[in-house]
Amino acid sequence: MEKMGFRFIVFVLAISFLSTPVISDLILSKVERKTDLTSQIVRISSSLKVENEGPNVVSEVLLSFPDFQVKKMAHMVVSLVEGKGKSKGSSINLPAQVIHPDGMPPALTLYSVSLPKGLSKGESLTLEVFAVYTHSLQPFPEEITQADIQLVVYQDSAYFLSPYKVKFQSLNVKLPSSRVESFTKLENSKLVESELKYGPYEDLPPFSYSPVVVHYENNRPFAVAQVLVREIEISHWGNVQVTEHYKVAHGGALNKGGFSRLDYQARPQVRGVSSFQRLIAKLPRGAHSIYYRDEIGNISTSHVWGDSRKTVLEIEPRFPIFGGWRTAFTIGYGLPLEDFLFASEGKRFLNFSYGSPMEDLVVDNLIMKVVLPEGSKDISVSVPFGVKQQEEVKYSNLDILGRPVVLLEKTNVVPEHNQYFQVYYRFNNLSLLMEPLMLICGFLFLFITCIAYMHADFSISKSSASYLAKLQLDEVQATIQQFQNIMNRCLAVHDKLDASLRDLSRTGDVQACKAVRKLAISLLKDLSKDMKPLLIFLQSSPQAAQIWTKVEDLVGKEKEMEEKLMLKHSIVVEGYEKKSGGREIENRVAPHQQKLTSLRQEVDDLLEIIDEFC
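Residues numbered from 1 in each chain as written. Predicted model: local features only at pLDDT ≥ 70, side-chain atom pairs only at ≥ 80, totals over all residues. Heavy atoms only, no water.

Quick notes on the pattern of salt bridges
Operational definition: A side-chain nitrogen of Lys or Arg and a carboxyl oxygen of Asp or Glu constitute a salt bridge if their distance falls within 4 Å. The numbering of helices and of strands both runs from the N terminus, where a helix is a DSSP run of H or I of at least 4 residues and a strand a run of E of at least 2. Think of it in three bands: with a 1.4 Å probe and only protein chains considered, a residue is buried below 20% of the maximum accessible area for its type, exposed above 50%, and partly exposed in between.
Enumeration according to the criterion identifies 28 salt bridges in this entry. Between Glu244 and Arg230 there is a salt bridge whose closest N-O contact spans 2.9 Å. You can see Glu244 sitting in strand S18 (residues 239-250) and its partner Arg230 sitting in strand S17 (residues 223-235), a full 14 residues away along the chain. An identical accessibility class is assigned to Glu244 and Arg230; each is buried. A salt bridge links Arg600 to Asp495, with the shortest nitrogen-to-oxygen separation between them at 3.2 Å. On the criterion of sequence distance, the pair formed by Arg600 in helix H8 (residues 582-613) and Asp495 in helix H5 (residues 465-507) is long-range, its members being 105 residues apart. Within the structure, one salt-bridge network assembled from shared partners comprises Glu231, Glu233, Lys394 and Arg403.

Okay, structure coming up:
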């Protein structure tokens, strides 16, 4: 909170040194602002009635924003509203670009909005400014337990920051609930249920600024895709395949303390109110062959439904996502080609939606890959907003030259970026015959090779030295594999011993821990007996001479690990029996744990070397 207040103080001091307004001919006769704080994304709609009181014709209007807001601005649209009263409705989007006029405060960013026609003296117009911000809600406190609600802080100004004089203005802040911890109380400010109102304020000079802070409850999902890679692969055989790789995190207050799944399942709306358990993706109509998986494999907790306009995919990660937790998954689906690929002036073009199909998802870094068919050329792209563009090549089955890939990268992506973009390219239909001809030639070559193989004699005499040597090597490799299996079982027993210590720290059941150690000793003795004849064979076999030293070293390391682990186990169990403190037990086992870690790394390295021999 101190950092937030300091930022406001610096900003207010910065604009207070401005002595004269930039433009005096224009005034804002009425400003109405509506701020939506019901989700993790902040959306601000401002209606500005602009009047020209000067003698000169004005062709641009300046909009000013604090730098700390501009850094978090994901999207902004300025539109000119035509008509008045009941006829008001149609609008025209106007271009806006950043400018740097002289005499402006250092902590301010100005946008110049070009008007379609000049504004003469006495004339007025209405501008609608819609801005979207991400990561503007700061969790406070920054860490909460599983059972706590999530409180966030939002900062803004009760006055509309403008280089022009404002005659009349008001601000309405919509909150997700009526629970508000605190808010800045100014003149003409009040809280009505879940809506905070500031104003009206009249006759404010240019660059008026009055900081406000709202501290309120917001348990909506703070789902943030740190990285999203969307790959759209076009096949002229009738399909568009879409694959989306997500790395999602909870961007809200960090979860502290332990997690109880029992409490969560019993009362998820109380013991996990700040978490999110599902995500909703609105896929295009006609989506088919939908799948959802992560690094482990397919996830069955997903549901699909839809109608003639859209397909809705509801997915549930393997575990609820609390603050600071992360998950990674992939969804994929196919789409009919005729709905997204069109022809125009001798070119084909893909018309697809940018952004993510997930509802209320903030994407920190979105990489869109459009994979065109092999042989595509004369490629161009049309995107309704700024993106970083580059090209690369992808090789797939039966490709010779590779498939052109258009990369469109953008940061700070919000649902408002789900707009259509186009990728234009030229393609010769004869290129479609390349892969079938390659398949035909491949099968023909395979048949000829099989015929030649059937008529050739590649037999090797079973009495030859090379044949006998191969048999001996095969026998050694089979023995090595048996040895590896037994060694892996020994390491598994080690892991169970370690797990029993973790269970002991959680339950305090000393007898159960001793029972695990007793069983482990018995299992290790049996495995040692099984391993003994294998070691004797390897030691006596000439074919195993080059690997025997590694095997012997591995056996020694494993025995040393076993001794250290048993010693650590005894120290911990003895400490719990004597009711020693946790810090004292940790200090006693620390040197043994360090040695165990080193030995385990050496064992893994030796196993990897032995595995290469096989």
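Picking up after the structure, the text goes on.
Side note on a negative patch on the surface
Inclusion rule: Surface patches are defined over residues having more than 30% relative accessible area and no salt bridge, joining like charges when they lie within 9 Å and nonpolar side chains (Val, Leu, Ile, Met, Phe, Trp, Tyr) when within 5 Å. Here the accessible surface of atoms and residues is derived via Shrake-Rupley with a 1.4 Å probe, and residues count as covered only by protein chains that are part of the display. Working convention for charge: Lys and Arg count positive, Asp and Glu count negative, and His plus the chain ends are omitted. By convention, charge coordinates are those of NZ in Lys, CZ in Arg, CG in Asp, or CD in Glu.
Together, Asp605, Glu608, Asp611 and Glu612 make up a region of like negative charge exposed at the surface. Among the structural elements, Glu608 can be located in helix H8.

Some thoughts on the packing of aromatic side chains
The criterion, for reference: Pairing of aromatic rings covers Phe, Tyr and the six-membered ring of Trp, with a centre-to-centre limit of 6.5 Å; geometry is then stacked below 30 degrees between planes, edge-to-face above 60, and tilted otherwise.
Counted by the stated rule, this structure contains 16 aromatic pairs. With a centroid separation of 5.8 Å and 80° between ring planes, the pair formed by Tyr354 and Phe421 is classed as edge-to-face. Note that Tyr354 is positioned in the loop between strand S26 (347-353) and strand S27 (362-371) and Phe421 in strand S31 (residues 420-426), a separation of 67 residues in sequence. A relative accessible area of 0% places Phe421 in the buried class. Ring centres of Phe443 and Phe447 lie 6.5 Å apart, and the angle between their planes is 35°; this geometry places the pair in the tilted category.

Observations concerning the sheet that holds strand S25 (residues 341-344)
Backbone-to-backbone hydrogen bonds pair the strands of a sheet. The strands run either parallel or antiparallel. To keep it simple, the criterion reads: For two strands to be treated as a pair, DSSP must find at least two bridges joining them. Only the stretch in contact is used when a helix axis is fitted, and all axes are lines through C-alpha atoms; the angle between N-to-C directions ranges over 0 to 180 degrees.
With respect to topology, four strands assemble into an open sheet ordered S25-S26-S31-S28, the strand pairing being antiparallel. Strands with a single pairing partner mark the edges of an open sheet, and in this sheet they are S25 and strand S28 (377-382). Neighbouring strand axes in the sheet, compared pairwise and without regard to direction, differ in orientation by 25° on average. Bridge count for S26 against S31 is six bridges, and the pairing is antiparallel.

Side note on the confidence of the model for the protein chain
Heads up, the condition is: pLDDT is defined as a per-residue confidence score from the predictor, taking values between 0 and 100. Contacts are assigned to residue pairs with any non-hydrogen atoms lying within 4.5 Å of each other.
Per-residue pLDDT for the protein chain has a mean of 87; in total, 93% of the residues score no lower than 70. In the model, residues 8-14 has pLDDT below 50 throughout and makes 18 contacts with residues more than four positions away in sequence or in other chains. Ignoring residues within four places in sequence, the model shows residues 16-22, a span with pLDDT below 50, making ten contacts including any to other chains.

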